[in-house]
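# Examining the three-dimensional arrangement
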There are 2 protein chains.
Amino acid sequence: MRRHCFGEKIPMTPFSIGVDLGGTNLRIAAYSQDLGLLETILLPTRLAAGRNAVVDDMCDAILRLLKTHGAGRELMGIGIGTPGPLELPEGKLHSPPNLPGWDGFELRRRIEGILGQQVTLESDANLAALAECMLGRGRSLGIDSLCMLTLGTGIGNGIILGGRVWHGTTGMAGEAGHMTIWPEGPACGCGSNGCLEMYASATAVNRLAREAIVADAKGIAALADMPGGITARELAKLAESGDQDAKGVFDLAGRALGIGLAGLVNTLNLPLYVVGGGLANAWDLLSPSLFAEVHRRSYVYRLTQPGGAAANGTRIMPAELGADSGLLGACILPFTLADRSPIRSTAVNV
Amino acid sequence: MRRHCFGEKIPMTPFSIGVDLGGTNLRIAAYSQDLGLLETILLPTRLAAGRNAVVDDMCDAILRLLKTHGAGRELMGIGIGTPGPLELPEGKLHSPPNLPGWDGFELRRRIEGILGQQVTLESDANLAALAECMLGRGRSLGIDSLCMLTLGTGIGNGIILGGRVWHGTTGMAGEAGHMTIWPEGPACGCGSNGCLEMYASATAVNRLAREAIVADAKGIAALADMPGGITARELAKLAESGDQDAKGVFDLAGRALGIGLAGLVNTLNLPLYVVGGGLANAWDLLSPSLFAEVHRRSYVYRLTQPGGAAANGTRIMPAELGADSGLLGACILPFTLADRSPIRSTAVNV
């Protein structure tokens, strides 16, 4: 912000540009802290046209937003969310499953070459966690650290410590979706077996539903024959209507989440764990077995519950923000980076 | 340190007092950064005499060391390591398995009441990790963040970020020994089943060896009949001599460690993971299955190995310091706290 001296203009309002680059949709927005999203541009991600075409679409939209909203405002930065895994600070993609053909693509360099200015890349799961921390559950609770699992096609994971994304050494922290839950479980695309993602992603729920059909789940079989086929939403409706097989799918997904979350609670002792993504809409179906496992498997959780030794120390909740969380995270990323102080420990001060 | 002004005395050398309070031994030391351990007092932990007697022994030794080594030196602080779980900043113990009868004991308040000055409590696993980071593997590699598993009666865990202990919200971070490895595994004292501690602690190795005897492991059965019985050390010797059953015990312990470490690597993306404690002496027996599991279950690990996209980003190694690490950690704790800046991210700077 300009210095506010006598005789000078009043300080310019800071704003930012945020981008959410997904395998299907590309969203670009201008944002200010006082007004929120000033304008959002929605585009299809033209994967078939090649990665350069997608980057061109993105940069074109960024430049338009800068022109429309830049007058009288100061640009804090441009935040870009992409599917992981993302190598930082290089801003290089590693075999992103949702962006086939983008392996090894130096996305940051390419965008900066076109725009002629610096941008900051971040994985979409980290940005969803950042938004949930600063604008969602974290803000509601007055907490600036959390661990978030985003249940989508896969399971994204972001860890926020003291209002900042925890990257780890090479920018690859937050892959808890690939924690092993059942070591001899089904093979995961990552090379392991029985990853959390194999039980509690939307893809996994679909697979579990199909396995239930083979085991004679008549309600799910009827659902599979409907025009839309098996979706998490329809399966949740079926479960809510009392179908035990459909309930069993969510029960298993909740168990896997609970086993994974218990490990994270025991290891990290953060104040807040958030479950987001489309499948989190089925929270009422997932949460009973989830909490049963966490309660059984984490004595840190038990000690930090009301009535425990350190009450109210651990909360596990569904996300507050919806599908916009990734885009909002990209928008607020430049503001969180403007504070260049190191990550503050949420830890007790000893 | 005193201000070093013209006409004033030369600055006093800083020193600290460190205590390692274990279920069997009580060790109290005076330490300076230039000379290391100035003097160490070894006492039995007189559990039978009651907790107040143990605290009196400790405080008496601290006062003697302060008197002996305090002249011409400035006290940086007194660090005290205790078995966890420990609630911070209260310095209150929660059912420590190795200190029966100490549940809910406000240890810090008691010690400060006797000494008339502030002390800092920390769990022994966190202090071992701190020492390994600042004086052991971390120093050798020039790395100031790590996650350490200490294989003892149970499995301790400490996480160091930027040269400081990561406590979490209520001081209970670092209980990765209770990560679930096999969800339907044997019941653990923590209330869960199949915890890492049930496969890779010294206690677990003993149990696995006895289970092998039931399954007709003749070599181990012969070992059980020897005067010393089954110890991890003797079992390791048997395995090294080629006994397949004994090898199988370490193989399973290594597998469990590998599954747990893979989850930690995927979640935290730290530069260094250290395995310490007595059982880590059997590193050559544990490491083949450990690395096989980590390699298979963590693509973050694979990407951060030589030849991977982000080479040399993740190291997994046995501890460099021995049984003194807890005591050394208690001694250096006051020095790390003297730097009051927030935890620095080892993360990439984006």
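Residues numbered from 1 in each chain as written. Chains lettered and ligands numbered in written order. Predicted model: local features only at pLDDT ≥ 70, side-chain atom pairs only at ≥ 80, totals over all residues. Heavy atoms only, no water.

Attention now moves to the sheet that holds strand S1 (residues 13-21) of chain B. All names here are of chain B. Pairing is mixed in the open sheet, where five strands are placed in the order S3-S2-S1-S4-S7. Since the sheet does not close on itself, it has two edges, and those belong to strand S3 (36-44) and strand S7 (120-123), each with one partner. Strand-to-strand twist of the sheet, defined as the mean angle between neighbouring strand axes without regard to direction, takes the value 20°. Together, S1, strand S2 (25-32), S3 and strand S4 (73-82) form the strand contacts of helix H1 (residues 51-69), whose direction differs from that of S2 by roughly 20°. Sheet strands touched by helix H3 (residues 124-134): S4 and S7. Its angle to S7, the strand with the most contacts, is close to 90°. (Pairing = 2+ DSSP bridges. Helix = DSSP H or I, 4+ residues; strand = E, 2+ residues; numbered from the N terminus. Axes fitted to C-alpha atoms, helices over the stretch in contact; angles between N-to-C directions. Contact = heavy atoms within 4.5 Å.)

The next thing to look at is the sheet that holds strand S8 (residues 146-151) of chain B. Residue and element names in this part refer to chain B. Here we have five strands laid out as an open sheet, ordered S10-S9-S8-S11-S12, and mixed in their pairing. A single partner strand is all that each edge strand has here, and the edge strands are strand S10 (164-165) and strand S12 (315-318). Where strand S9 (residues 155-161) and S10 come together, two bridges link them in antiparallel fashion. Considered in S10, the bridge of Ile160 is made with Val165. Where H3 meets the sheet, it contacts S8, S9, S10 and strand S11 (272-276), and its direction lies at approximately 50° from that of S9.

Among soluble globular proteins, nonpolar side chains are generally buried collectively. A:Ile220, A:Leu235, B:Ile220 and B:Leu235 are the most contacted members of the largest nonpolar core, which totals 118 residues. Once residues lying within four places of it in the same chain are set aside, the contact partners of B:Ile220 are B:Ala209, B:Ala212, B:Ile213, B:Ile230, B:Leu235, B:Leu238, B:Asp243, B:Asp245, B:Ala246 and B:Val249. (Core = buried A, V, L, I, M, F, W, Y, C linked by side-chain atoms within 4.5 Å. Buried < 20%, exposed > 50% of the residue type's maximum accessible area, 1.4 Å probe, protein only.)

It is worth spelling out the pairing of strand S3 (residues 36-44) of chain A at this point. Look at any regular strand and the pattern is simple: side chains alternate between the two faces of the sheet. Residues and elements named next belong to chain A. Note that strand S2 (residues 25-32) and S3 share eight bridges and pair antiparallel. Pairing of Ala29 across the sheet is with Thr40, part of S3. Following S2, the chain reverses through three residues before pairing antiparallel with S3.

Taken together, the contact between chain A and chain B spans 62 residues of the former and 62 residues of the latter. Taking both partners together, chain A and chain B bury about 5500 Å²; carbon and sulfur atoms supply 58% of that area. Counting the contacts that link chain A with chain B gives two salt bridges. The salt bridge involving A:Glu184 is made with B:Arg255; its shortest N-O contact spans 3.4 Å. Across the chain A-chain B interface, the total number found is 38 residue pairs in polar contact (both at pLDDT 80 or more). Where the side of chain A that touches chain B is concerned, the elements lending two or more residues are strand S9 (155-161), helix H9 (244-268), helix H10 (283-297) and helix H11 (299-303) of chain A. Looking at the side of chain A that touches chain B, the element that brings in the most residues is H9(A), giving seven residues. Residue composition of the side of chain A that touches chain B, by class: 30 nonpolar, 23 polar and nine charged. (Buried area = accessible area lost by both parts, 1.4 Å probe. Salt bridge = Lys/Arg side-chain N within 4 Å of Asp/Glu carboxyl O. Polar contact = N/O pair within 3.5 Å; in protein donor to acceptor, adjacent residues only side chain to side chain. Nonpolar A, V, L, I, M, F, W, Y, C, P; charged D, E, K, R; others polar.)

All names here are of chain A. Within this structure, the stated rule accounts for eight aromatic pairs over all chains. Seen from their ring centres, Trp102 and Phe105 are 5.4 Å apart, and the 80° between their planes marks the pair as edge-to-face. Relative accessible area serves as the criterion here: at 6%, Phe105 is assigned to the buried category. (Phe/Tyr/Trp six-rings, centres within 6.5 Å; stacked < 30°, edge-to-face > 60°.)

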